[in-house]
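Single-letter residue listing:
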Amino acid sequence: MEQRAEPDSDPRLGQSVGPFPGTSPVFLAKLRPPSAGALVRRDRLLALLDDVGAAPVVLLSAPAGSGKTSLLASWVAETTRPLAWLSLDEWDRDPVRMWTGILAAMDSLVPGVAAEAEALLTQGGSFEKVVATLLDALEAAALPDAVIVVDDVHVVDDDPETVQSLTQLLIYLPEGLHLVLSGRRRPHLPVDRLRAQGRLREVSFEELRFSPDEAAAMLRRLVPDLSQRDLVATTDRAAGWAASLQFSGLAARVARAQPRSSDPGNADRQTDDYLWREVLAEEAPAVIDVLNAAALVERVNGDLARAVSGHADAAHLVEQACDHGLFLSRLWEPGWFELHSVVRQLLREDLQRKDPGGLAEMHARAACWYEAAGDAELAVKHWLAAAQPREALRAVAVNNGALYDAGRDAVVRQAVAQLSAEVAITDVSAALDYAWAHLLVDRRVLLDVVDRLLEQTSGNDLDAATRGRLSMLRSVASLDRGQWDDTGTLAQEGLAHLGPVAPHDHLGRFAWNLVARHLALTERWAEDSPAVVRAAHGAHADPGRRAGFEGTRALGLALAGRPSEVLRVAQAAADGGNVASRSILSLELALATGVARRELGDRDQARSELEALAQRPMTPLPYVPFRALLELTECHLGTGRLEEAVESLAAVRSLLAHDFSGPGPRTWADTVETCVAVAGGDLARAEAVALRIDDEAWGPIALARVRLAQQDVAGASQALQRARPRSVRHSVLLDLLGARAASSPGEALEGVRRAADLAARHGITQSVAAECGAGAGVLELLERAADLVPESWLDRVRQVSVNSGVAVDGAAPGGLQDLTVRERDILRMLPSRLTVGEIADELHLSRNTVKFHLKVIYRKLGCSTRAEAASAARAMSRVGAVGRAEADRAEAGRRTTP
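All values derive from a computational prediction rather than experimental measurement. Numbering of residues begins from 1 in every chain and follows the order in which that chain's sequence is written. Local features in this predicted model are restricted to residues of pLDDT 70 or higher, and side-chain atom pairs are both shown and tallied only at a pLDDT of 80 or more, whereas totals for entire chains, interfaces and linings draw on every residue. Only hydrogens and water are removed before side-chain values are computed, so all heavy atoms of the structure are retained for them.

1. Here we look at the pairing of strand β2 (residues 83-87)
Moving on, step 1. Buried, partly exposed and exposed residues are distinguished by accessible area as a fraction of the type maximum, computed with a 1.4 Å probe on protein chains only: under 20%, between the cut-offs, and over 50%, respectively. The secondary structure listing takes helices from DSSP runs of H or I that are at least 4 residues long and strands from runs of E that are at least 2 residues long, numbered from the N terminus. For β2, the tally of buried residues reaches five of five residues, placing the bulk of the element in the interior.
Moving on, step 2. Of the two faces of β2, the one carrying L83, W85 and S87 and the one carrying A84 and L86 are both buried.
Moving on, step 3. Two strands qualify as a pair provided that DSSP identifies no fewer than 2 bridges between them. When β2 meets strand β3 (residues 146-151), the two strands line up parallel, connected through five bridges. The partner of A84 across the bridge, within β3, is I148.

2. Describing the side chain of K68
Moving on, step 1. Turning to its location among the elements, K68 is positioned in helix α3 (residues 68-78).
Moving on, step 2. Despite its burial, K68 pairs with no opposite charge; the closest candidate is D152, at 5.8 Å N-O.
Moving on, step 3. As used in this structure description, the phrase polar contact means that two N or O atoms lie within 3.5 Å; if the pair is within protein, one of them must be able to donate a hydrogen and the other to accept it, and residues adjacent in sequence are counted only when both atoms belong to side chains. A polar atom in the side chain of K68 sits 3.1 Å from the backbone oxygen of P63.
Moving on, step 4. K68 has contacts with L60, A62, P63, S182, G183, R184 and L208, leaving out every residue within four places of it along the chain. This count recognises Lys and Arg as positive and Asp and Glu as negative, with His and chain-terminal groups excluded. For this analysis, a salt bridge means a side-chain nitrogen from Lys or Arg found within 4 Å of a carboxyl oxygen belonging to Asp or Glu. Two residues form a contact once any of their heavy atoms are found within 4.5 Å.

3. Digging into the packing of aromatic side chains
Moving on, step 1. Aromatic pairs are defined between Phe, Tyr and Trp rings, using the six-membered ring for Trp, whenever the two ring centres lie within 6.5 Å; interplanar angles under 30 degrees are classed as stacked, those over 60 as edge-to-face, and all others as tilted. Tallied over the full model, the rule gives 10 aromatic pairs.
Moving on, step 2. Relative to F510, the ring of W436 has its centre 5.4 Å away and its plane inclined at 65 degrees; by these criteria the two rings are edge-to-face. One end of the pair, W436, is in helix α23 (residues 428-437); the other, F510, is in the loop between α26 (484-498) and α27 (511-521), with 74 residues separating them in the sequence. Each of the two residues, W436 as well as F510, counts as buried.
Moving on, step 3. Each ring, one from F626 and one from W668, has its centre 6.5 Å from the other, and the planes form 25 degrees; the classification is stacked. Of this pair, F626 sits in helix α33 (residues 623-638) while W668 is found in helix α35 (residues 663-679), placing the two residues 42 residues apart along the sequence. Of the two residues examined, F626 and W668, each falls in the buried class.
Moving on, step 4. Among the aromatic residues, ring-to-ring pairing joins W484, F626, F660 and W668 into one connected group.
Moving on, step 5. Charge over a ring is defined by NZ of Lys or CZ of Arg lying within 6 Å of the ring centre and within 35 degrees of the ring normal. Looking at K354, its charged tip hangs above the ring of W276, at a distance of 5.2 Å from the centre.
Moving on, step 6. Over the ring of W668 we find R627, and its NZ or CZ is 4.6 Å from the ring centre.

Written out as structure tokens, the structure reads:
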């Protein structure tokens, strides 16, 4: 583009309008564009104007100080089109004066084209006839591709005659003439009709905002030595508003020129003055009230503005403020607006100076509105801003689950930090809310407050609602301490006290979820049990608790030994959506999935998931990292990494010291420690730990494992007789251990068949494989039960068993006499050159089964390779020549088979 000449000599501005009536020097100045003195060249907007300039009408609508006039001046200076300019001012509210200016601009483009219309205007003709006469003249003239810019059109669009006559011009604008209107607000003109006809292009504040790069360039021009930190801070604060950038840059420049006398608040004061004198000076008080309401919130709609400002017609006033260009921008969601950040801050500061009490009251109204709308985070923030921390605490207690799920635990901490524990304890109601507010952010505070509440209220005559809430808190405390048998009892006690209001109470509505966690963590979960059915019905009655129940359900199924069902439940929950945004649900589902994958034999995937969970803090669900560590310990144990298992178990023991030493966690930890001690050969330690397990299922199971490792079959059988299983997993383990302790082969086979049938139906794999690795002959008995189970499940057991590093009954290497019949069959093949696959085919076994038996054979013979085992086999008289001959014959048969 060519650089334009000075206005007086620019040929594109048409002929002299000196003879035109009313063309005084002041009037002529209105017909000249401002000099293009922009500090920053804004290429993207110049290109945008070149593009939109092809439309008959172009509208630039943005608040004061947005850079509209500067942009148009820069564009006018570079465009090659014939062009006329008219700047409107307050005097142009008189339609005659305004049309005098427009006609003069038209005449400068096409000399004489407005003469007849001007004469008619001077004679007092109607504006309709004046415009019609002008349009006829323009149609008859040979119009160039010309542009007329009318700046500050907002000052005249509130006069009905002006609006009507301008509308007439816009609707019938002749071809070849483009009209660019610029103003602080959307004008009262047929914008929608023009837009629908495709005759209008628009440039709004969003396009006019300075980009970070443009803002930085402007500030660098104003203050070349501005530090990068100050530059970024100023750019961020201005949020693209040209006036704010200009004032900040000038203030910084003054500060450098006069460092001793400079005022750090000068930029804010200048911006504030500009806002009140240039933007808001003529606005009605009601509009200012609505803007103040918008300044308190991040975004506003009519209803919120009504609640905060107290004006019944606030919705209309918000629309009016937006149309007036008062820095309210429409958002994508219908009916919602956003106030520019600089204006929001200035209005807030002005309210704080002039009426702090009124400001606090407005924050309280906003808090009430947000609570009613279900936005807990903003409700809490506004209660705090209103200096009402007790109300903020109540809002946190009521909504802490939603806040935590949204990742807003910092909001919870901020609220409770402003109300001391001492103040809360003096008021039982506040103490209840204080404890409940810490449920998901600090379990130690919750436990401490509950203990103090119990001491404080002992013997007091509390009302039913308070007793119910206190019982609910005690239930939560028992859950957090691992006293899971108490969790369900106390939750149901809370339900009884609260009665019909329980589903609507912010504590009582969690009761059935707590009952469900009691059933899950004590491994009593069975989908058709009356207790589970009741808990499910109670939780599902509250849509907000229904999703949370599914996480507990998955965990209950996992711990009960139903891994296949766990994955189905987890997938259904994921398909339902919102899992990632519900922290408690996602934690329980993640733990359930990790436990289930390990049980299904997917060790690598399970280990990855469990390692992540083991790093989680003890708040909000202490049993999640605790159980994840235990599962990792068993993972290490199952792959022969005893040292890692011991280290992991030590981490488990350290967690028990964090006020998580109830019977539930202790039973879990002692059961796993027994296995670790047996695997390490420390049978005395294993026995001591097993004897202290006070659980009707895990106590006998742990002791039976120790007795079997001690070769005390009778003692193992006696321990198992005292067992009372609560879950599928318990039953499977008891049958497998019973088979190992059986007094006859038939009894052992029957026990394995029962275990296999039950385990296969529910996908239990790892637990079965572990017993196969720990007890010689169990896998062989399992092979004899193959008719009861799917081949795919049995093959998974074989594969997991082959990869297991668990010692076999803790026995030391022995000799041929320790081998089973199946192991002898495989041993006979080892001296040959048959592959593992060929041996499997020869004996009609799977490759995994052969691999498993090879591992057992190596251990029993004290070997580590096949060659060593074959050498040991040849050295034994019963395998010697006969064994080699049998193997050779088998190999020869294999080689000659087509």
